[in-house]
Amino acid sequence: ELEEHLPWASGLMWIYVMLSNIVLVNLLVAMLSETYARVKAYSEIEYHFVHMQRCYLHAHVHFPIPPPFSLPFLAVFYVMESIKDLSRRMDRCFKSFKSCLELATTSRQDYEKSQFTKIFSSDNVTGSEHERRAHTTVERQAHKAVDSSTRLYMEQYNQRMVSEKKQTI
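Residues numbered from 1 in each chain as written. Predicted model: local features only at pLDDT ≥ 70, side-chain atom pairs only at ≥ 80, totals over all residues. Heavy atoms only, no water.

*Asks:* Looking at this structure, how should I read the overall build of the chain?
*Replies:* Looking only at helices and strands, one finds four helices and zero strands in the chain. Listing the helices and strands of the chain from first to last along the sequence gives α-α-α-α. In the chain, once contacts between residues fewer than 6 apart in sequence are set aside, the share between residues at least 24 apart is 54%. Carbon and sulfur atoms provide 66% of the accessible area of the chain, an area that totals close to 14700 Å². (Helix = DSSP H or I, 4+ residues; strand = E, 2+ residues; numbered from the N terminus. Contact = heavy atoms within 4.5 Å. Areas by Shrake-Rupley, 256 points an atom, 1.4 Å probe, with all protein chains shown as cover.)

*Asks:* Looking at this structure, I do not really get the layout of surface pockets. What am I missing?
*Replies:* Picture a little ball the size of a water molecule; that probe, rolled over the atoms, points out where space is still empty. Quantified by volume, the largest pocket comes out at close to 170 Å³. Taken together, His-58, Ala-59, His-60, Val-61, His-62, Phe-63, Pro-64, Leu-74, Phe-77 and Tyr-78 make up the full set of residues lining the largest pocket. Those elements giving two or more residues to the lining of the largest pocket turn out to be helix H2 (9–61) and helix H3 (67–120). At four residues, the largest contribution of residues to the lining of the largest pocket is made by H2. Split into classes, the residues belonging to the lining of the largest pocket amount to seven nonpolar, three polar and no charged. (1 Å grid on protein atoms, 1.4 Å probe; cavity = no way out; pocket = protein on both sides within 12 Å on 5 of 7 lines; lining within 4 Å. Points joined across faces, edges and corners; volume = space filled by probe spheres on them. Nonpolar A, V, L, I, M, F, W, Y, C, P; charged D, E, K, R; others polar.)

*Asks:* I'm lost on empty space enclosed by the protein in this one. Help?
*Replies:* Following the criterion strictly, the structure yields one cavity of 30 Å³ or more and no others. Each pocket or cavity is described by its volume, and for the largest cavity that value is around 70 Å³. Every residue lining the largest cavity is listed: Arg-89, Arg-92, Cys-93, Tyr-157, Arg-160, Met-161 and Glu-164. Of the residues in the lining of the largest cavity, the class split is three nonpolar, no polar and four charged.

*Asks:* Teacher, can you tell me more about a nonpolar patch on the surface here?
*Replies:* Nonpolar side chains collect at one region of the surface, where Leu-6, Trp-8, Leu-12, Ile-15, Leu-19 and Ile-22 lie side by side and expose about 600 Å² of accessible area between them. Positionally, Ile-15 belongs in helix H2. (Patch = residues over 30% accessible without salt bridge, like charges linked within 9 Å, V, L, I, M, F, W, Y side chains within 5 Å. Salt bridge = Lys/Arg side-chain N within 4 Å of Asp/Glu carboxyl O.)

*Asks:* Teacher, can you tell me more about the confidence of the model for the chain here?
*Replies:* Of all residues in the chain, 66% have pLDDT values of 70 or greater, and the mean over the chain is 76. Per-element confidence in the chain ranges from a low mean pLDDT of 64 for helix H4 (residues 127–168) to a high of 91 for H2. (pLDDT = per-residue confidence, 0-100.)

*Asks:* Can you walk me through the pattern of salt bridges in this structure?
*Replies:* Proximity of charged atoms lets side chains of opposite charge pair with each other. Per the counting criterion, the structure on display carries four salt bridges. Glu-34 is the salt-bridge partner of Arg-38, the closest N and O atoms lying 3.3 Å from each other. One end of the pair, Arg-38, and the other, Glu-34, are both in helix H2, four residues apart, so they sit about a helical turn from each other. Accessibility expressed as a relative area gives 44% for Arg-38, which makes it partly exposed. A salt bridge links Arg-89 to Asp-85; the shortest N-O distance between them is 3.5 Å. (Buried < 20%, exposed > 50% of the residue type's maximum accessible area, 1.4 Å probe, protein only.)

*Asks:* Can you help me understand the side chain of Ser-70 in this one?
*Replies:* Locating Ser-70 in the fold gives a position in helix H3. Residues within four places of Ser-70 in sequence aside, it is in contact with Phe-63 and Ile-65.

Listed below in structure tokens is the structure:
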């Protein structure tokens, strides 16, 4: 029925289909060539990445000795690594303990100054009595500060150890 009203419609339809096929194939070729150019531009970087990844695996993950013979070497290696890890943890522990002690001593010195001014401000006590009271008071407060900071530090250290054990399990 469409042929009767428009005799040239089927010819136009064939031309449209042929031209659209040509344009779409051309577009596909352009997209593929753009993708190929992009892959080619990054191919050297990708090659170096894969090469370094294999070198890293060979040097750090894979052991050069075959499995049955590598057991003694691996045992020594893991013992050495655990000793290094333990020494690192102990260093961190002692550093933080040292900083706690430094904080306690500086706060003790500040406290000593405040105690001296507090004690010497009272008028009914002699000078030697002032010194004795100040010394014992400061000494008691310093011991309390060091004990409380040490206790706090040990609690934090124990909590860290428990959390690390939970993470490894």
